[in-house]
Amino acid sequence: MDIKVRYCSKTKAGNTKRIAEAIANGVGCSAVSILDEDTLQEKTDVLFLGGAPYANIMAPELREYAQNIDPTLVSKVVLFTTSNWSRRTIYALKKILKEKGIFVCDEFFYAHMLSIEAKLEEAKAFGQKMIEKEQ
Ligand SMILES: Cc1cc2nc3c(=O)[nH]c(=O)nc-3n(C[C@H](O)[C@H](O)[C@H](O)COP(=O)(O)O)c2cc1C
């Protein structure tokens, strides 16, 4: 199974990056920043995709990345986010991807920006659980 973890993380704390790496650890792949990749190039069975809100909106780079995903390459997307309170990034990403005809799981992973350390094991287990569903 082709599994990929992609994230957009902008603050020095790297909250979303840390959660992405925990998920990647759970599913046995590496987490790649979308800031280091123009577009997703390879066929992907499950794409874990995450970001955070800044002044209520996701980073424009993440929006663009999601808009540019080739729907014929990706079978399924699992979303994750970190924030102070908002789950908005999840809903906004889901809308973009669904409009492209990409299947997005209803279940997503959320970690509050001040609870990242405490959520790492849970994020890892979440990744494993979402993959087990596929096997
Ligand atoms: C400039 C700025 C604006 C933010 N705006 C929001 C916001 O509107 N809603 C929210 O819930 N969190 C907000 N946050 C909190 C971030 O979403 C949170 O710190 C997130 O974990 C950052 O992820 P990152 O470290 O991966 O960049 C903001 C943080 C910053 C630095």
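To keep things clear, this report deals only with the structure shown in the data block. Keep in mind that this is a model prediction, so the values were computed, not measured.

With respect to the pairing of strand E1 (residues 3-7)
A large share of E1 lies buried, amounting to five of its five residues. Where burial is concerned, the two faces of E1 agree: the one with Ile 3, Val 5 and Tyr 7 and the one with Lys 4 and Arg 6 are both buried. Relative to strand E3 (residues 44-51), E1 runs parallel, the two sharing five bridges. Its bridge partner being in E3, Arg 6 is matched across the sheet by Leu 49. Here E1 runs beside strand E2 (residues 31-33); their pairing, made up of three bridges, is parallel. Bridge pairing in E2 links Tyr 7 to Ser 33. Crossover connection from E1 via helix H1 (residues 15-27) to parallel E2: handedness right-handed.

Thoughts on the site of the ligand
The full set close to the ligand counts 17 residues, and Ser 9, Thr 11, Thr 16, Tyr 54 and Thr 82 are the nearest of them. Side-chain polar atom of Tyr 54 to an oxygen atom of the ligand: 2.5 Å apart, as the coordinates give it. Between the ligand and Asn 56, the relevant distance is 2.7 Å, taken from an oxygen atom to a main-chain nitrogen or oxygen of the residue. In the complex, 77% of the free accessible area of the ligand, which totals 640 Å², lies under the protein chains. Mapped by element, the contributors of at least two residues to the shell around the ligand are H1, strand E4 (53-54) and strand E6 (74-83).

Observations concerning the side chain of Lys 76
Tracing the backbone through its elements, the reader meets Lys 76 in strand E6. Setting aside chain neighbours within four positions, we find Lys 76 in contact with Asp 45, Val 46, Leu 47, Phe 103, Cys 105 and Glu 134.

Some thoughts on unusual backbone geometry
The backbone phi angle of Ala 55 is positive, close to 50°, even though this residue is not glycine. In this fold, Ala 55 is placed in the loop between E4 and strand E5 (57-58). In this structure Ala 55 comes out as exposed when scored by relative accessible area, which is 77%. At Asn 56, a position not held by glycine, the phi torsion is positive, near 75°. With respect to the helices and strands, Asn 56 occurs in the loop between E4 and E5.

Procedures and definitions
Residues numbered from 1 in each chain as written. Predicted model: local features only at pLDDT ≥ 70, side-chain atom pairs only at ≥ 80, totals over all residues. Heavy atoms only, no water. Buried < 20%, exposed > 50% of the residue type's maximum accessible area, 1.4 Å probe, protein only. Helix = DSSP H or I, 4+ residues; strand = E, 2+ residues; numbered from the N terminus. Pairing = 2+ DSSP bridges. Right-handed = clockwise from strand over helix to strand, strands pointing away. Near = heavy atom within 4 Å. Polar contact = N/O pair within 3.5 Å; in protein donor to acceptor, adjacent residues only side chain to side chain. Areas by Shrake-Rupley, 256 points an atom, 1.4 Å probe, with all protein chains shown as cover. Contact = heavy atoms within 4.5 Å.

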